[in-house]
Amino acid sequence: MTMDDASMVGLMGRVTGTVGPGLVGEVIVRVRGGAEHFLAYGAAGGDRIERGTVVMVVEYLPPRTVYVTAAYDS
């Protein structure tokens, strides 16, 4: 894992294409001074995360794939 890979984990993003079982979703994440789109999968395989949901990156697979979990306010 490079430093860039590690810096992706923990970043927040927003779902732009539903993430869920059997779906390849999409999220937009603010990174490297801009906002970039990534293919996204749910970190917990059975989760469905709807468009507009704020998520956190829990794993990054270069160059454009992330695993995410919904970020909830406590």
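Residues numbered from 1 in each chain as written. Predicted model: local features only at pLDDT ≥ 70, side-chain atom pairs only at ≥ 80, totals over all residues. Heavy atoms only, no water.

Caption draft 1: Just the sheet that holds strand S4 (residues 54-61), in detail. Judged by pairing direction, the barrel is mixed, and its 5 strands sit side by side in the order S1-S2-S3-S5-S4 before closing back on the first. Going across the sheet, the axis of each strand differs from the next one's by a mean of 55°, ignoring polarity. Where S4 meets strand S5 (residues 65-70), 6 bridges bridge the pair, whose relative direction is antiparallel. Of the residues in S5, the one forming a bridge with Tyr-60 is Val-66. (Pairing = 2+ DSSP bridges. Helix = DSSP H or I, 4+ residues; strand = E, 2+ residues; numbered from the N terminus. Axes fitted to C-alpha atoms, helices over the stretch in contact; angles between N-to-C directions.)

Caption draft 2: Fine view of the packing of aromatic side chains. Considering all chains together, one arrives at 2 aromatic pairs under this definition. Note on Phe-38 and Tyr-60: the rings are 6.2 Å apart at their centroids and 85° apart in plane angle, and the pair reads as edge-to-face. In this pair, Phe-38 is assigned in strand S3 (residues 34-42) and Tyr-60 in strand S4, connecting sequence segments 22 residues apart. A relative accessible area of 1% means that Phe-38 is categorised as buried. Residue classification places Tyr-60 among the buried residues on the basis of a relative accessible area of 13%. Looking at Arg-64, its charged tip hangs above the ring of Phe-38, at a distance of 4.3 Å from the centre. (Phe/Tyr/Trp six-rings, centres within 6.5 Å; stacked < 30°, edge-to-face > 60°. Buried < 20%, exposed > 50% of the residue type's maximum accessible area, 1.4 Å probe, protein only. Lys NZ or Arg CZ within 6 Å of the ring centre and 35° of its normal.)

Caption draft 3: Summary view of the pairing of S4. As judged from the 3 bridges shared by strand S1 (residues 12-17) and S4, these two strands associate in the antiparallel manner. For Met-12, the partnering residue across the bridge sits in S4 and is Met-56.

Caption draft 4: View of the confidence of the model for the protein. Looking at the protein, pLDDT values average 89 and 89% of them are 70 or higher. The spread of mean pLDDT over the elements of the protein runs between helix H1 (residues 3-8), the lowest at 67, and S1, the highest at 97. (pLDDT = per-residue confidence, 0-100.)

Caption draft 5: Inspection of the pairing of S1 at higher detail. Pairing analysis gives 4 bridges linking S1 to strand S2 (residues 25-31), with the strands arranged antiparallel. In the strand pairing of S2, Gly-13 is matched with Val-29.

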